[in-house]
Structures are given as C-alpha cells and as structure tokens.
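Coordinate analysis (summary)
Residues per chain, in single letters:
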Amino acid sequence: MKLQCTVLAAVSFGVSVAFSQVSVANAAEVKILTAKAIATVLEKVGPDFERTTGHKLNVVSGLGPVFLSQIKAGEPFDVFVSTPPTMDTLFNEGTLVPNSRTNLVRSGVGVEVRAGTLKPDIGSVEAFKRALLNAKSVGYLPVGGVIQLIERLGLTDALKSRVTIPTTDIVSELVAKGEIELGVVVITQILTSPGVELVGPLPPEIQYYTVFVGGISAQSKAPDAARDLIKFLTGPIAIPVIKLQGMEPG
C-alpha cells in the first residue's frame, strides 16, 4: 500500500508538472490598445484572465485617433478596441482580422461635475443647454460625437471661449481638479473616475450611445491568446463589471 501511494503521488506530481509546462509553453503576452472604457474593465477582471489562461496583459489606454496613427506607423499590438469609425478603417485595410470584429460594450453620454459641487438641472434639452451656457468652463473629447451634438444644438460659437477639448482622455481628471466645471463624456468614464460625480445622462431626446469594438491584429504574434481575451470580455466574469461601470454588453 505504501508503494502504491508513493507511485500515485509520483504520477500526480508528474501530471501537475506536465500541465504547468504546457501552461507556460502556451502562455503569451497580449498587448491591447484600448479606449478607457475597456481599460477600466480590465483593471478589475484582467487578473482573472491572467490567472485562468496563463497569458499576461499589456494594457495601453488612449484615444482611437492617436492609436490609429501609431498603428499606421507600425506600432505592434494584438488587440485593438475603439469606436466603429476608427475600427472600420483598419478592418477595411486588412490590418485587423475580419472575423475578429466584436462589439464589446456600449455606453451612453452624461454630464459630470467635481465631487461635492452643485449639480445643474439637465433634465430637458433646454435645461441641458442652459447648464452649458451658464458653466464657466466645459470639457469634452474630440471623439465620441459631443462636438457634433454641440453643433446640432447651435452652441458651438457661444461655448467657444470656454471649451477645453484635450487630445488625451483627461476630461474627468480636469473636472476632478476643478479646472473644468462641466464635463460631457461617456457615463462609464464618470463612474470610474475618482473626484467626479454624475449629474445625469443626457436627455432622452439627444442621448446616443458610443459602441466600443474589439479586433485582432492581422500581424499578432499571439492570435489565439488575443481571441481568448475577446471571448473573456464577452463572458460571465466580465459582464457584471461592465454593467457595474455603467455600460451594456455588446
């Protein structure tokens, strides 16, 4: 019996080592260039992905147009996440694998203020316009459709001297510092940024959703790991976090 137990223990140890070696052999680093909407999700669930797959994540957060320029200049990556117009360019050019296109999340747009400060009324389109016109300063990104919304509302000229449109994703940081009074960004960014509070979503008549799409580089050195990541982001571990951060899956 003692000999049998010893043999079984040795076999068990050997199997464990074999699995470990396979895991190490199959492990890869996945470089993901992504909008902040997915970067904040990966902050929460990335360790689960790494633990269950053995892969390592290299997450770089930023704006789609900046990444687009970097990719066209030869920046290597495995997964890219951005909005449809940016993604369409790369899919059409063959830079991204066509059948890897995946709608990951979508988020509505809201208004934010510095935590603890007065929240203006934005319950109607007219109230939202008044809030913008009464604010000492307003900030939004050059992507995501807010510029076009402001144009449709006829406020571009009126707000010109008070608008900050940074080329990096720092609107919420500027609001938190008190450098901008009102920010107009995707709701998920407001809910995941310290020092700011959500005033509310845009009025239903002008609300719209920003979709974030994932795709795999045609030149990826770890395409299987990249597919694992995209599948993971649409699965049961990621979805509750996505919802908690104010987004809808897919």
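Conventions adopted
- Within any chain, residue numbers begin from 1 and follow the written order of that chain's sequence.
- Per-residue local features are limited, in this predicted model, to residues with pLDDT of at least 70; the limit for side-chain atom pairs, both in listing and counting, is 80 or more; totals at the level of whole chains, interfaces and linings are taken over all residues.
- Water and hydrogen atoms play no part in the side-chain values, which are based on all heavy atoms of the structure.
- A run of H or I in DSSP becomes a helix once it reaches four residues, and a run of E becomes a strand once it reaches two; helices and strands are each numbered from the N terminus.
- Burial classes follow relative accessibility: with a 1.4 Å probe on protein chains only, a residue under 20% of its type's maximum area counts as buried, one over 50% as exposed, and anything between as partly exposed.
- Accessibility throughout is a Shrake-Rupley quantity obtained with a 1.4 Å probe, and a residue counts as covered only by protein chains that appear here.
- For this analysis, residues touch if any pair of their heavy atoms sits within 4.5 Å.
- Put simply, a nonpolar core is a bunch of buried Ala, Val, Leu, Ile, Met, Phe, Trp, Tyr and Cys residues held in one set by side-chain atoms that sit within 4.5 Å of each other.
- Salt bridge, as applied in this entry: a Lys or Arg side-chain nitrogen positioned within 4 Å of an Asp or Glu carboxyl oxygen.
- DSSP bridges decide pairing: two strands pair if at least two such bridges lie between them.
- The angle separating two fitted axes, one through the seven residues that finish at a residue and one through the seven that start at it, defines the bend at that residue.
- As a per-residue measure, pLDDT reflects the predictor's confidence and takes values from 0 up to 100.
- What counts as an axis is a line fitted to C-alpha atoms, over the stretch in contact for a helix, and the angles between N-to-C directions run from 0 to 180 degrees.
- Working rule for angles: under 35 degrees goes down as roughly parallel, over 145 as roughly antiparallel, 65 to 115 as roughly perpendicular, anything else as oblique.
- In this count, Pro and Cys sit with the nonpolar residues alongside Ala, Val, Leu, Ile, Met, Phe, Trp and Tyr, while Asp, Glu, Lys and Arg are called charged and the others, Gly among them, polar.

Attention now moves to the overall build of the protein chain. Regarding its fold elements, the protein chain presents eleven helices and ten strands. By residue count, 44% of the 250 residues in the protein chain fall in the buried class. When the accessible surface of the protein chain is totalled, it reaches about 12700 Å², and 57% of it is carbon and sulfur.

The topology assignment puts Ile 122 in the loop between β4 (102-114) and α5 (125-134). Dropping the residues within four chain positions of it, Ile 122 is found in contact with Val 111, Ala 127, Phe 128, Ala 131, Val 199, Gly 200, Pro 201 and Pro 203.

Moving on: the nonpolar core. By size, the foremost hydrophobic cluster in this structure holds 27 residues, and its most contacted members are Ile 38, Leu 42, Val 79 and Leu 229. Mapped by element, the contributors of at least two residues to this core are β1 (29-34), α2 (36-53), β3 (79-82), β4, β9 (209-216), α10 (223-233) and α11 (238-244). When residues no more than four places from it in sequence are discounted, the contact partners of Leu 229 are Val 30, Ile 32, Leu 42, Phe 49, Leu 57 and Val 79. Grouped together as the second largest cluster of nonpolar side chains are 23 residues, Val 109, Val 113, Phe 128 and Leu 132 included.

The subject of this paragraph is the pattern of salt bridges. Inspection of the entire model under this criterion finds eight salt bridges. For Lys 72, the salt bridge goes to Glu 93, with nearest N and O atoms at 2.6 Å. Residue Lys 72 is found in helix α3 (residues 64-72), and its partner Glu 93 is found in helix α4 (residues 84-93); the two are separated by 21 residues along the sequence. Notably, a salt bridge pairs Asp 88 with Arg 101, separated by 2.8 Å at the nearest N-O pair. Placement of the pair is Asp 88 in helix α4 and Arg 101 in the loop between α4 and β4, with a sequence separation of 13 residues. With a relative accessible area of 31%, Asp 88 lands in the partly exposed category. By relative accessible area, which is 36% here, Arg 101 ends up partly exposed.

Every second residue of β3 is oriented toward a common face, with Val 79 and Val 81 on one face and Phe 80 and Ser 82 on the other, all of them buried. As paired elements, β1 and β3 share three bridges and run parallel to each other. Counted as the bridge partner of Thr 34 is Val 81 from β3. Note: β3 against β9, four bridges, orientation antiparallel. For Val 79, the partnering residue across the bridge sits in β9 and is Ile 216.

What follows concerns α2. Along α2, the helix axis deviates most sharply at Val 45, where the bend reaches about 55°; the proline Pro 47 sits within four residues downstream. Among the residues making up α2, those that are buried are Lys 36, Ala 37, Ile 38, Ala 39, Thr 40, Val 41, Leu 42, Val 45, Gly 46 and Phe 49. Positive backbone phi, approximately 85°, marks Gly 54, located one or two places after α2.

Take the confidence of the model for the protein chain next. Averaged over all residues, the pLDDT of the protein chain is 91; the fraction at 70 or higher stands at 90%. pLDDT under 50 marks residues 1-24. Its contacts with residues more than four places away, or in other chains, come to one contact.

Where α3 meets α4, the axes come as close as 9 Å, and the angle between the chain directions of the two elements is 20°. Relative to α4, the element α3 lies roughly parallel. Taken together, the residues of α4 that come into contact with α3 (itself represented by Gly 64, Pro 65, Leu 68, Ile 71 and Lys 72) are Thr 86, Thr 89, Leu 90 and Glu 93. The residue makeup of the contact of α3 with α4, split by class, is four nonpolar, three polar and two charged.

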